[in-house]
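# What the coordinates show
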Amino acid sequence: MTPTLTLSPAHVRAEALDALRKRVTHAAPIVVGIRYPGQWSGPSAFETEHGTVSVLCSQSPLEIRERLVDHERTGVPLVILTSLSEQDLGDDVTARLAGRRLRQPDRWRLVADLFKAREVDGRLPPWLVDALVEAAPSSGFPPVASGILDLDTAWRVFLGELLGLRHERPDLQMLIEWTSDASRVERYLRADDAVRQGVSARLEETAGEAARAVLAMVQGGTGADVVPAGLVCLVLYDSNVRGEPTVREAAVRLERFRAGLPMGIEAGERWGRGSRELLAKADPGERRRWVDRADALLVSLGARDWAWVADWSPAGFEQRLTRFAGELGAFVAARASAQDRVAPLKDIESLAHSVGAHDEARTQADRAARAVMALRLVRWIITETADASGTLDQAATSYVRDGAFVDRARMALRDGDEVPAVADAYRALGDGVTVEREKTNRRFAERLAAWPGAGPDEQVLLPIERVLQEVVAPIARSVPVLVAVIDGMTWAIAHELLASLMSRGWSPLAPDGRDPLRAVVGVLPTTTEVCRASLLCGALTRGTGEAERTGFASHSSLVAVSKAKFPPRLFHKGQVGADGHGQLAQDVRDAVASPDVRVVGVVVNAVDDYLHKADQARPRWSLDYLPLLGALLYEARQAGRIVVLTSDHGHVVDAEIGLGGGEDADRWRVTGVALSNGEMMFGGPRVADLSSAWPSGASDRRASAWRHGSLVLAWSERVRYGMRKNGYHGGATPQEVLVPLLVLGTAEMQAPGLQSSIIPIPTWWDPAVAALALQPAVAAVVAAPSPAPVREPPRNLLEVAESPEPPTPAETTQAPAAVVATGQQPGPPWLDALFTSPIYVEQRGQVARLGLADDRVRAVLMALHERGGRMTRPAIGQRLELPPTRLNGLLVAVARLLNLDGQSVIEIDDPSDTVVLNIELMRLQFEV
């Protein structure tokens, strides 16, 4: 039996509009008669797109006739509601009604008219029909194409009008997102009980059991906590911990937030996933509010100790770091045998990965990076073998390729952490590494003390005074050169800075793509007045700025490649910057831009200036921190200049220990006092005689004739003399003695004989490289990997037997043999399916101009897949045997091919120098 329809203003309005739309003539004002036995509590008039419509509810024929007289006079459309029959009204009244009859209220006819439908799906519940009539706009709803108003269409329209959910079958993700819009939630709360009950039943049908709990929270006034509660579900329903008693109890307590409704594991997991997806799209402010509230809920539920399970929880990030530090501390304390370290390494790697995978790792990148550095040092400890023998050139090469990375990692750990337990673990690990490094430092100093100096045929070690002659001048014969001297820069800083340089398009260059790392040996003691003067004058000497400028401008090898009127020019600190905003002085810009000035040198004192301070801040060595260097590189790029990036000496950081003695020097002293622990006597042709100093206040400190002598130098990092600073130099550690040297260019620069090259990365440094080199798994922690063969660099950087021909277009689209072989290894099913996907084929045709071969795409995807979808750019370059400039072009091309509709299947994160593959998104986009 059809329920009796109670007329609402919406029904009356719909009947009136229907009559107005169907009237044949506009001559007479329209009157709509509706047979309705109930009481009318609605308005006496309402507005429509056709103007005002009056309403009369009367059971008196006389009253109706009187109103009709007024109606004819005013011309205002009239709706008459009456329980009288047409016979009771009389023929004269009935004849004036639209259609010459009294309309019988019919919800099904009304809703059909609103949708221009011939039929209405009988499954529509009456309350939904009435609600659609209530919600209808003046012009009705868009007509249904088939002429049939089906159930799904009705739901889509109604949920769109009431909730803003324009879908016939909303899923849980849509519902959770809906709760974040207060205005849409308010419309739902204003609806009557029948509507809310019907909507709740529908959403539970389409979105599952969790929908009922979500709506219960909304109706209970805690709708703002729907997303935080869902995030909490990710902890309480996680398969790893949900069996814990405290977690089970917390899951029961959570019921009070959803009106006591119980919920199954699957529903809780779905609620959690939906909330997590919404969190990923939220703006930073909303995101922070949600995660802080979710952490507070975990506390109130008694489950805070399990926050580490979640990758969204700020408290969980702290817990993950603490768990990592605990395992790290246990490893440092144990260190019993190589076999005993197999399990701890696996655990430490897993915990370090959990730190990096947490959302907070993006906003607290430095803290996450320190965990990675700690993991790298653990790998180094496990794989490191004592270097008990060998020559100085072998020790120097080992430091440049390996030891400098160790220093970079342990310098990062000196920053500690906000959590005391984490900071303590880092300190213990750093101290352990320092003990090992001290042994290496002593052996290096012993070899250095016995080294007679490089002869003219030296193939590996390059004395600092020969850099201009053997590196800069040969390049300047073909292209202009900028020599950038970063005073005090170590190899550790150079490796860190290189990542920033490569992100700006600069790439290391070497003859025939060889290893671009070459050991440059400074002069002793490693002080500015000796090392920098010898570098810039091209001979062993002692001097200051004026001597360096004179020696640079008159250097025979540089003069030979320069025009007579445009000698080499050198700029020092006070001449480089125009103001305090990272701007270059005009003279520097003009010199770098001039094609006539073949060689320009610039001294940047950022590192050395930092060393002389005693503050507690450690800089992050990048172009952002070195704005003058960034400006120099910009000008060099515009002018097409190759850049030779080097230093005069390195440094060691403050170790909070000193010998005292009142010496002015940092880490050297004259003889005459017995040697203490950490010191060593040095003499010979490369040790300056500093027994006499320049007169105090002397204004003319020109280069002096070289006199060698004997000095006591510190080989231990723990030795310093004089006042405390951030760092010191003058000693005999490889950090101070071995000077960075990198030749840099960009893709658009042409440098005959030089090619973009790959910086070798230690296998313990990058997880991807380590996974490739250390196999089987046990060998990874028992034996050190065999180092990759290193080609000996030529004495002259441009001394190549035969300049290789440029690659043909066909060669540029083919992967190296190793890459092709890797690409043909059995891969996951989706990888093979990708290349036959019609969507992929179509997309490849649209980017055909990129000349991107499928084997290259396969090689990139295979490498990323094997590393769980994340890999650093240097690791990919080493895996694919591609130099940075070619690698960057390949990655950009692959991203353009795979990133459909602005969705990032391949994402290149420049700050972390990481490439990320979203495998699930790719499978969805290409239907594989």
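Residues numbered from 1 in each chain as written. Predicted model: local features only at pLDDT ≥ 70, side-chain atom pairs only at ≥ 80, totals over all residues. Heavy atoms only, no water.

Further remarks concern the overall build of the protein. For the protein, the count of helices and strands is 41 helices and 25 strands. Counting every position in the protein, which comprises 928 residues, the buried fraction comes to 53%. Long-range pairs, those at least 24 residues apart, make up 76% of the contacts in the protein between residues at least 6 apart in sequence. Total accessible area on the protein is roughly 40,300 Å²; 51% of this is exposed by carbon and sulfur atoms. (Helix = DSSP H or I, 4+ residues; strand = E, 2+ residues; numbered from the N terminus. Buried < 20%, exposed > 50% of the residue type's maximum accessible area, 1.4 Å probe, protein only. Contact = heavy atoms within 4.5 Å. Areas by Shrake-Rupley, 256 points an atom, 1.4 Å probe, with all protein chains shown as cover.)

With that settled, the discussion passes to the side chain of Arg370. Tracing the backbone shows Arg370 in helix α19 (residues 365-383). The contacts of Arg370, once residues within four sequence positions are left out, are Ala412, Leu413, Asp415, Gly416, Asp417 and Tyr426.

Attention now moves to the packing of aromatic side chains. Summed over all chains, the structure comprises 11 aromatic pairs. Considering the side-chain rings of Trp127 and Phe158, the 5.9 Å spacing of their centres and the 75° angle between planes classify their relative orientation as edge-to-face. Separated by 31 residues along the polypeptide, Trp127 in helix α6 (residues 126-135) and Phe158 in helix α7 (residues 151-162) bring together distant segments of the chain. An aromatic cluster is defined as three or more aromatic residues linked by ring pairs; in this entry it consists of Trp127, Trp155 and Phe158. Directly above the ring of Trp308 sits Arg323, whose terminal nitrogen or CZ lies 3.8 Å from the centroid. A cation sits over an aromatic face here: Arg376 above Trp765, 4.0 Å from the ring centre. (Phe/Tyr/Trp six-rings, centres within 6.5 Å; stacked < 30°, edge-to-face > 60°. Lys NZ or Arg CZ within 6 Å of the ring centre and 35° of its normal.)

This part covers the sheet that holds strand β21 (residues 741-745). Read across the open sheet, the seven strands follow the order β12-β13-β9-β14-β21-β10-β22; overall the sheet is mixed. Lying at the two open borders of the sheet, with one neighbouring strand each, are β12 (569-571) and β22 (754-756). Neighbouring strand axes in the sheet, compared pairwise and without regard to direction, differ in orientation by 30° on average. With five bridges connecting them, strand β9 (residues 481-486) and strand β14 (residues 642-646) associate as parallel partners. The partner of Val483 across the bridge, within β14, is Val644. (Pairing = 2+ DSSP bridges. Axes fitted to C-alpha atoms, helices over the stretch in contact; angles between N-to-C directions.)

With that settled, the discussion passes to the pattern of salt bridges. Tallied over the full model, the rule gives 50 salt bridges. Between Glu446 and Arg442 there is a salt bridge whose closest N-O contact spans 3.5 Å. Here Glu446 and its partner Arg442 are both found in helix α21 (residues 420-450), four residues apart, which amounts to about one turn of the helix. For Glu446, a relative accessible area of 39% puts it in the partly exposed group. With its nearest N and O atoms 2.9 Å apart, the salt bridge here joins Lys725 to Asp666. Here Asp666 lies in the loop between β15 (652-653) and β16 (668-669) and Lys725 lies in the loop between β18 (708-714) and β19 (727-728), a separation of 59 residues in the sequence. Residues Lys725 and Asp666 agree in their burial class; the two are buried. A single salt-bridge network, built from bridges that share partners, covers Asp152, Arg169, Arg202 and Glu205. (Salt bridge = Lys/Arg side-chain N within 4 Å of Asp/Glu carboxyl O.)

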